[in-house]
Amino acid sequence: MPTLFAFDGYKINIYFDEHGIPHVHLVAADCDASIAIATGEVIIGEAPARALKTAREWIVANHVMLLNMWRK
């Protein structure tokens, strides 16, 4: 589970052994959310709005890399 990006105590991780919709995990002491790479939609869990905004911006900027990582 590599950490791909960290900000303000939050981490965006990707787990290589998962299935289903390509997604990343936004993790911190106060949240654990799975976010779809294609849409930025929260699939499971919840997170503060400010953290979601930053995570979604990063996901959009790194969309191609994330999908390539997911496929491997």
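Computed from a predicted structure; not experimentally measured.

Here we come to the pairing of strand β3 (residues 23-28). Most of β3 sits out of view: five of its six residues are buried. The sheet contact formed by strand β2 (residues 10-13) and β3 spans three bridges and is antiparallel. Within β3, the residue paired with K11 across the bridge is V27. Relative to strand β4 (residues 31-36), β3 runs antiparallel, the two being bridged by six bridges.

Glancing now at the side chain of N13. With respect to the element layout, N13 can be found in strand β2. A distance of 2.9 Å separates polar atoms of two side chains, one belonging to N13 and the other to T3.

Of note in this structure, D8 is not a glycine but carries a positive phi near 45 degrees. By the element assignment, D8 lies in the loop between β1 (3-7) and β2.

Further remarks concern the pairing of β2. As defined by bridge partners, β1 adjoins β2 across four bridges and the pair is classed as antiparallel. Opposite T3, over in β2, you have N13 as the bridge partner. Here β1 hands over to β2 after two residues, with D8 in that stretch at a positive phi of 45 degrees.

Looking now at the nonpolar core. Side chains that are nonpolar tend, in soluble globular proteins, to be buried together. Among the nonpolar cores identified, the biggest contains 21 residues, and F7, Y10, I12, V24, L26 and I35 are the most heavily contacted of them. Of all the secondary-structure elements, those providing two or more residues to this core are β2, β3, β4, α1 (49-61) and α2 (63-71). Here this core takes five residues from α1, the largest share from any one element.

Our focus in this paragraph is the packing of aromatic side chains. Taken as a whole and assessed by the stated rule, the structure comprises three aromatic pairs. With a centroid separation of 5.5 Å and 25 degrees between ring planes, the pair formed by F7 and Y10 is classed as stacked. The same class applies to F7 as to Y10, namely buried. Through pairs of rings, three or more aromatic residues link up here, namely F5, F7, Y10 and W58.

Here is what the cut-offs are and how they apply
Residues numbered from 1 in each chain as written. Predicted model: local features only at pLDDT ≥ 70, side-chain atom pairs only at ≥ 80, totals over all residues. Heavy atoms only, no water. Buried < 20%, exposed > 50% of the residue type's maximum accessible area, 1.4 Å probe, protein only. Helix = DSSP H or I, 4+ residues; strand = E, 2+ residues; numbered from the N terminus. Pairing = 2+ DSSP bridges. Polar contact = N/O pair within 3.5 Å; in protein donor to acceptor, adjacent residues only side chain to side chain. Core = buried A, V, L, I, M, F, W, Y, C linked by side-chain atoms within 4.5 Å. Phe/Tyr/Trp six-rings, centres within 6.5 Å; stacked < 30°, edge-to-face > 60°.

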